[in-house]
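Observations on the model geometry
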Amino acid sequence: MGHGGSSEEPSPPWNSLCETFLACQESRKVNRENRSQTMSGYTEFTFQGQPGYDEAAAREIIASVIPVRTIAMYCFDPRAAGAAKAVADYFGDEVYPGELILDEAGRKMGSTATVFPLIVGGGRAADALRSITVSQHLFGIERVVVVHHSFCGATSFTAEGITAAWKNEQHTDISSLYDWDGISIADFEKSLNYDVSLIRNSPGTPKRIEIYGLFYDIDSGELTEIVRDVPAEAA
């Protein structure tokens, strides 16, 4: 597998992906011309919309060009944007942000990054469980890292407070909509332990993966390990 400017010979899955894209160029062109009239749903930009689509083959191709092994889950607060790079540096065997892998026509085919950011409010695990399952299915992940950061907005309110405010302002009762222990953050040790446990006990989490809970200081950029859940076979 090579990327822009590389002289390495592409692997067979890489060739397969390139051939698949090249084979559907004409149908894409037709769909673009007719979109205003037919509203094609942009299916020409999906793997399932390609001629000869094979689900197992598509999964193998994606895994071959996107070598993700670690999910770094953190808050959408722009002040925490450095968390993914900090996670890569913390473990020392990761690549982030990496480089985009391009074909000869300059199309984006993959990436060299081994860390994928998973950005959710407060970095809370309840919002990330489906993405962990999908990541395992596509990439075969080895590690999930939960990051909660200093002075997060989630530390500024309580579950009771947001529920009462929502009822007063939006006139809707959300008291039973979410698990109250996963809404806000009052204690970082408790929130990280809770989220690591929630991920570990989810049926959608592979049993073999390592799960970490880290505290991120947004001013110093320092990560502190609070929780480590590493199965014996992975240790």
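My aim in this report is to walk through the structure given alongside it, one point at a time. (Residues numbered from 1 in each chain as written. Predicted model: local features only at pLDDT ≥ 70, side-chain atom pairs only at ≥ 80, totals over all residues. Heavy atoms only, no water.)

1. A few points about helix α3 (residues 55–65)
- Taken together, the buried positions of α3 are occupied by Ala 58, Ile 61, Ile 62 and Val 65. Around the axis of α3, the buried residues are gathered within 100° of arc, so they sit on the same side. Opposite the buried face of α3, by more than 90 degrees, sit the exposed residues Ala 56 and Glu 60.
- Capping of α3 at its N-terminal end is provided by Asp 54; its side-chain oxygen lies 3.3 Å from the backbone amide nitrogen of Ala 56. (Buried < 20%, exposed > 50% of the residue type's maximum accessible area, 1.4 Å probe, protein only. Helix = DSSP H or I, 4+ residues; strand = E, 2+ residues; numbered from the N terminus. Arc of directions from axis to C-beta. Polar contact = N/O pair within 3.5 Å; in protein donor to acceptor, adjacent residues only side chain to side chain.)

2. Digging into the sheet that holds strand β7 (residues 223–229)
- The mixed open sheet is built from five strands, whose spatial order is β4-β1-β5-β6-β7. Edge positions in the open sheet fall to β4 (115–119) and β7, since each of these has one partner strand only. Put simply, the sheet's adjacent strands are angled 25° from each other on average, direction ignored.
- With six bridges joining them, strand β6 (residues 210–216) and β7 adopt antiparallel strand pairing. (Pairing = 2+ DSSP bridges. Axes fitted to C-alpha atoms, helices over the stretch in contact; angles between N-to-C directions.)

3. A closer look at the packing of aromatic side chains
- This model, assessed by the stated rule, comprises five aromatic pairs.
- Consider the rings of Tyr 42 and Phe 45, whose centres lie 6.3 Å apart with planes at 35°: the pair is tilted.
- Classification of Phe 45 as partly exposed rests on a relative accessible area of 47%.
- With 5.1 Å between their ring centres and 80° between their planes, Tyr 90 and Phe 91 make a pair best called edge-to-face. (Phe/Tyr/Trp six-rings, centres within 6.5 Å; stacked < 30°, edge-to-face > 60°.)

4. Topic: the pattern of salt bridges
- Applying the stated criterion to the full structure yields 11 salt bridges.
- Here Asp 93 and Arg 69 are joined by a salt bridge, their closest N and O atoms 3.7 Å apart. Residue Asp 93 is found in the loop between α4 (83–91) and β2 (100–102), and its partner Arg 69 is found in the loop between α3 and β1 (70–74); the two are separated by 24 residues along the sequence.
- On the basis of relative accessible area, Asp 93 is assigned to the partly exposed category, the value being 37%.
- The partner of Arg 79 in a salt bridge is Asp 77, with the nearest N and O atoms 2.6 Å apart.
- Residues joined in a network through salt bridges with shared partners are Arg 69, Asp 93, Glu 94, Arg 143 and Glu 210. (Salt bridge = Lys/Arg side-chain N within 4 Å of Asp/Glu carboxyl O.)

5. With respect to the side chain of Ser 184
- Within the secondary structure, Ser 184 is located in the loop between α6 (159–170) and α7 (188–200).
- Using a relative accessible area of 15% as the deciding quantity, one classes Ser 184 as buried.
- Of note is the side chain of Ser 184, whose polar atom sits 3.5 Å from the backbone oxygen of Phe 157.
- Residues within four places of Ser 184 in sequence aside, it is in contact with Arg 124, Ala 154, Phe 157, Thr 158 and Ala 159. (Contact = heavy atoms within 4.5 Å.)

6. Observations regarding the layout of surface pockets
- By volume, the largest pocket is sized at about 380 Å³.
- What lines the largest pocket is a set of 20 residues, among which Asp 127, Phe 157, Ile 162, Gly 182 and Ile 183 lie closest to the centre.
- Its residues assigned to classes, the lining of the largest pocket shows 12 nonpolar, four polar and four charged. (1 Å grid on protein atoms, 1.4 Å probe; cavity = no way out; pocket = protein on both sides within 12 Å on 5 of 7 lines; lining within 4 Å. Points joined across faces, edges and corners; volume = space filled by probe spheres on them. Nonpolar A, V, L, I, M, F, W, Y, C, P; charged D, E, K, R; others polar.)

7. Brief notes about the side chain of His 148
- Tracing the sequence through the fold places His 148 in strand β5 (residues 143–149).
- Within the local environment of His 148, its side chain forms a polar contact with the backbone oxygen of Gly 123, the two atoms lying 3.2 Å apart.
- A distance of 2.9 Å separates the side chain of His 148 from the side chain of Ser 191, its partner in a polar contact.
- Filtering out sequence-adjacent residues up to four positions away, His 148 remains in contact with Gly 122, Gly 123, Arg 124, Ile 185, Phe 188, Ser 191, Leu 192, Asp 195, Leu 214, Phe 215 and Tyr 216.

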